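# An overview of the molecular structure
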Amino acid sequence: ALCLEDSDERIGDMARLFFSEFRLKQQGMLLYNLLPDMVGRLSAAQLEEAKFRRIIKFVFNFVDKVKQTDALVDKLCQRFRTTDDARQWRDIAFCLAQLALSDKGARKLLEDHNFKSFASKL
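Let us look at the structure shown here. (Residues numbered from 1 in each chain as written. Predicted model: local features only at pLDDT ≥ 70, side-chain atom pairs only at ≥ 80, totals over all residues. Heavy atoms only, no water.)

## Considering the packing of aromatic side chains
The condition is simple: For Phe, Tyr and Trp, where Trp contributes only its six-membered ring, two rings pair if their centres lie within 6.5 Å, and the inter-plane angle classes them as stacked under 30 degrees, edge-to-face over 60, or tilted in between. Strands here mean DSSP runs of E at least two residues long; helices mean DSSP runs of H or I at least four residues long; both are numbered from the N terminus. Think of it in three bands: residues with accessible area under 20% of the maximum for their type are buried, residues over 50% are exposed, and the middle band is partly exposed, with areas taken using a 1.4 Å probe on protein chains only.
Tallied over the full model, the rule gives six aromatic pairs. When the centroid spacing of 5.3 Å and the interplanar angle of 15° are considered together, the rings of Phe18 and Phe22 count as stacked. Remark: Phe22 and Phe18 occur in helix α1 (residues 9–22); sequence separation between them is four residues, near one turn of the helix. Phe18 gets classed as partly exposed once you look at its relative accessible area, which sits at 47%. Take Phe22: its relative accessible area is 18%, and that puts it in the buried class. Their ring planes at 40° and their centres at 5.8 Å tell us that Phe80 and Phe118 sit as a pair that is tilted. Note that Phe80 is positioned in helix α4 (residues 66–81) and Phe118 in helix α7 (residues 112–119), a separation of 38 residues in sequence. For the residue pair Phe80 and Phe118, the accessibility class agrees, reading buried in each case. Taken together, the aromatic side chains of Phe18, Phe19, Phe22, Phe58 and Phe62 make up a single cluster linked through ring pairs.

Below is the structure:
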């Protein structure tokens, strides 16, 4: 994912092509399964916030299934509980904001165990 922001334009183009093709594997399940770890590693890498956001916006554009979006709410909320770093909290919150939440996804976000994981970080 870091290659999306490489200074060599050809590498960035190849990375975009890679993700475009990778999302087609197993109906997007491979990419979906990797997203929480990708978010965690990118956030822990302490990238410039603008770079992090561009990468996340690009990759999250491939999350187009409602069921996957709803499940990512739970997975991202779990990440709030596993870190004490304010920068990572902002990064996770940004990721949640990129999801087109369904009614079910919004309810999941407000479920007691999820809400408690991020309420104190607001």
